[in-house]
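Each chain, letter by letter, is given below.
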Amino acid sequence: MAKRDDKPTIEAQGQGKVLEADEREGAPETDADGKKLTNDEKIVEWVMNRVTRWKEHRDTNYNTQWNTYERQWRAIYSEEDKERKRERTKIMSPALSEAVENAVSEIEEAVFGRGDFFDVSAEAGDDETSKLITDHNSTTFHEDLAKSDFTGNCSEVVMAGGVYGTGIGEIVLCKHTERDIQAVQDPMTGQWKPNPVETEVERPALRSVSPRNFIIDPAARGIDDALGVAIEEDVGSHIVREGISKGYYKDVELETGAGDPETKPDPQVETPWMFDVVPIIRYYGKLPKHLLFPPEQTEDLFPDDPKTDEDDPKDADMVESWVVIAHGEKLLMAKETPDMMQDRPVVAYQWDIVPGRFWGRGICEKGSTTAKLLDAELRARMDALAFTAAPMMAMDATKLPRGFKFEVYPGKNLLLGGDPNTILKPFKFGELDANSGAQIQMLDQMVQRATGSVDTVALAQAGVGGQARSGAVSMSMSGIVKRNKRTLMRYVDKFLGPALRKLMWRYMQYDSPRYVPANMTFNVSSTMGIMQREYETNGLAQVMTAMQPGTSEHLLILMGLVQNSGIQGRDAILGALKVKLEKVQALESAPPVDPNAPQTMDPVMIEMQRMDAQLELATKQAKLAETQAKTRLLNAQAQSEMVAPTLESQKIALKGIYETPADRINAEFDRRYKLASLTLEKAGMESRERIADKQIVAAKANEPKTETVEVPVPQPVPVPIPVKQSVPVVVPSFTAPGR
């Protein structure tokens, strides 16, 4: 096994001493040349003195470990990871990378895998108006979060927590132009055409922050109880210039150039970019009031109140402020925090806590030692494999020609001074250790045990081999599920919930036309990761087998199974099950039936019988109405037949008396039209008859001629019929009794 030679990062040089005061505590009045500092320079000195010391403390204690964790996570080899002096192989095991990705994906699946990951509800005691306001704000808030890439930045924060142990996010105010498409009708053609519409918006957004870029008071355990926090990063020079032109920053002379290389996104692999960037430090925290509001630039409304010009935080009046510094010496902005809730726009969480410390403990820290052992074992095996797999020869130097260069390849001719069997001999340094493979597997299991990961390949093989059916795999996964649940609860309570709350406050403040100010409660609907969901689904399925189908308990567990699944149309299925559950519960809550009590019908059956009676009565009434209608119809027809002869005789008698010349003309026209129609019809019939006769004649002419053959009539032939001889039958006499 490889041996490490760890050295402490900090070595004590002697007994520590307690000083009365630190010369860097306050803002100096003069610079190195004795020139009096301006108020802006005092603010810069006060902030940078503390931020620089906080950064030194962070780098001294954590930077080396973070570099190691990042290399192990990404499988990047470095000479610092060499475990033996003669080590030549540069292979890295992917075990720790798998552990990080499994744990991070489990948290992301639990929070964002079901779509809508939070709900906004009114506080207890609110009226209906407040509830309507809450619903409106919730809908608008969901739309704005989708536009600001909230989910993507949360995923980066989760990944940073898994690798470095701490995930950090900053809430920034983005002012940009949004372009939407509006349909406009062309007045000339009437066609609808797209018309781009530009709108200036000011929207808060969450941005992930790497722990390398975050600086915090080492004495603090959280964001709110720290003297201040700072974010150090390189910002594009065009963005800084735009802020100066719009009045957000002070107009100072700036030069482009990169800051600390360790603050870059990938300092161990990429070469730092040094062009068109400006190193910026954004400080959120306490600042002495007399520095932020110098007496010579402000009017004192309460001159009798006691005041102090001390710079030491324990004696000075502190104000929550925002300070932006470029190149560590140029003040771009210093103002009291503009947020109405006076909170800091930074949220953070720890993957796993270390009591009494802000910086957390991530997956890489848990599995770093075992991962190094695994890498050392793999590299040792690869180095040993080079000695056993590569061909080597032992040669008698006295029998070789002068200047002989030994090379082996197909078709090579060797000139030797004797028998080749005695001069050349294949040589190999031992064999590979047979226990090396088992040791590698054991170390891989140690990485999984340390990180709480799971070997997906072994799990699949266990399921295929039948071992999963015994429940052993499910029991072994319970510890992994509980570990992930702890991290999930910490992420939701410490990061996601506070981030949503702070974003909503800023939307209400900076986008007041779209949001109605109101107190709201955020309910983050984090469920379970995919492993926990599968684990609990198997357990619920086994419980269902022991229950009677159709009961309320059976339906409740079935609803839980559907809710845990990602089936299409899950909400509709849950709604149908809920309706059925209500009916079953209503039947189960009915009082028990006494067998000795008189029989009483079920209210439902009584209602059904009543409805059947009404239906039968309505049917009979409809038949009666139908019969009455038929009777009236027959009576009317009979009366019509009785009156018809009288009316016909009257019509004949009055015919021609009241006719006008126009009527006579119409009658004559109708007579002639009818006569012409009959004549045409007769001519058509005669024409069709002639055509039919011609067709018959043509058909007979085309028929083939047939010859008639006379067939003789068959003549009867006499056949003798045998006659059987009759046999006499004797009939006994019968005498009636009594004669």
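Residues numbered from 1 in each chain as written. Predicted model: local features only at pLDDT ≥ 70, side-chain atom pairs only at ≥ 80, totals over all residues. Heavy atoms only, no water.

Caption draft 1: Focus on the sheet that holds strand E7 (residues 318-326). Strand order in the open sheet formed by five strands is E4-E5-E6-E7-E8, with antiparallel pairing between adjacent strands. Edge positions in the sheet fall to strand E4 (214-216) and strand E8 (330-336), since each of these pairs with one other strand and no more. Put simply, the sheet's adjacent strands are angled 20° from each other on average, direction ignored. Pairing geometry for E7 and E8, over six bridges, is antiparallel. Along E8, the bridge assignment pairs Val324 with Met333. Seen against the sheet, helix H5 (residues 237-245) touches strand E5 (228-236), strand E6 (277-288) and E8 and runs at an angle of roughly 110° to E5. (Pairing = 2+ DSSP bridges. Helix = DSSP H or I, 4+ residues; strand = E, 2+ residues; numbered from the N terminus. Axes fitted to C-alpha atoms, helices over the stretch in contact; angles between N-to-C directions. Contact = heavy atoms within 4.5 Å.)

Caption draft 2: Just the pairing of E5, in detail. Of all the nine residues making up E5, seven are buried; the element is thus mostly covered by neighbouring parts of the structure. Two elements, E4 and E5, share three bridges in a ladder whose sense is antiparallel. The residue bridging Ile215 from the neighbouring strand is Ala230, located in E5. Pairing between E5 and E6: nine bridges, direction antiparallel. For Gly236, the partnering residue across the bridge sits in E6 and is Val277. (Buried < 20%, exposed > 50% of the residue type's maximum accessible area, 1.4 Å probe, protein only.)

Caption draft 3: Geometry of the packing of helix H13 (residues 552-564) against helix H14 (residues 570-588). Where H13 meets H14, the closest approach of the two axes is 9 Å, and the angle between their N-to-C directions is 170°. With respect to each other, H13 and H14 are oriented roughly antiparallel. On the side of H13, the interface is formed by Ser552, Leu555, Leu556, Leu558, Met559, Val562 and Gln563, while H14 contributes Arg570, Ile573, Leu574, Leu577, Lys578, Lys580, Leu581, Val584, Gln585 and Glu588. Its residues assigned to classes, the contact of H13 with H14 comprises 10 nonpolar, three polar and four charged. (Parallel < 35°, antiparallel > 145°, perpendicular 65-115°, else oblique. Nonpolar A, V, L, I, M, F, W, Y, C, P; charged D, E, K, R; others polar.)

Caption draft 4: Just the pattern of salt bridges, in detail. Scanning all chains against the criterion turns up 36 salt bridges. Among the salt bridges present, the one from Glu178 reaches Arg203, with a minimum N-O distance of 2.6 Å. Of this pair, Glu178 sits in strand E2 (residues 166-185) while Arg203 sits in strand E3 (residues 192-209), and the two are 25 residues apart along the sequence. Owing to a relative accessible area of 15%, Glu178 belongs among the buried residues under this scheme. On the basis of relative accessible area, Arg203 is assigned to the buried category, the value being 8%. Through salt bridges with shared partners, a single ionic network connects Glu70, Arg74, Arg212, Glu262 and Asp266. (Salt bridge = Lys/Arg side-chain N within 4 Å of Asp/Glu carboxyl O.)

Caption draft 5: Spotlight on H5. For H5, every residue scored as buried is listed here: Val240, Gly243 and Ile244. End-on view of H5: buried residues confined to an arc of 100°, all on one side of the axis. What points out from H5, more than 90 degrees from its buried face, is the exposed set His238 and Ser245. Looking at the packing, one finds that the buried side of H5 touches E5, E6 and E8. Following H5 by one or two positions, Gly247 adopts a phi angle in the positive range, close to 90°. (Arc of directions from axis to C-beta.)

Caption draft 6: Spatial organisation of the environment of Ala376. Within the secondary structure layout, Ala376 lies in helix H7 (residues 363-389). On the accessibility criterion, Ala376 (6% relative accessible area) is buried.

Caption draft 7: Broad picture of helix H2 (residues 95-112). Between its first and last C-alpha, H2 extends 26 Å over 18 residues, near the 26 Å set by a 1.5 Å rise per residue. Three or more residues of H2 are buried, namely Ala95, Leu96, Ser97, Ala99, Val100, Ala103, Val104, Glu106, Ile107, Ala110, Val111 and Phe112. (Expected span 1.5 Å × (residues − 1).)

Caption draft 8: Looking closely at the confidence of the model for the protein chain. Summary statistics for the protein chain give a mean pLDDT of 80 and a share of 80% for residues scoring 70 or more. Of the regions scoring below 50 in pLDDT, residues 1-24 engages in 13 contacts with residues more than four places distant in sequence or in other chains. (pLDDT = per-residue confidence, 0-100.)

Caption draft 9: Spatial organisation of the nonpolar core. Counting residues in hydrophobic clusters, the biggest one holds 77 residues, and the most contacted among them are Phe141, Phe150, Phe214, Tyr491, Leu496 and Leu500. The element that contributes the greatest number of residues to this core is helix H11 (residues 472-510), accounting for 11 residues. Discounting residues that sit within four places of it in the chain, Leu500 has contacts with Phe118, Phe141, Leu145, Phe150, Phe522 and Val524. With 19 residues, the next largest nonpolar core counts Trp46, Met48, Leu287 and Val323 among its residues. (Core = buried A, V, L, I, M, F, W, Y, C linked by side-chain atoms within 4.5 Å.)

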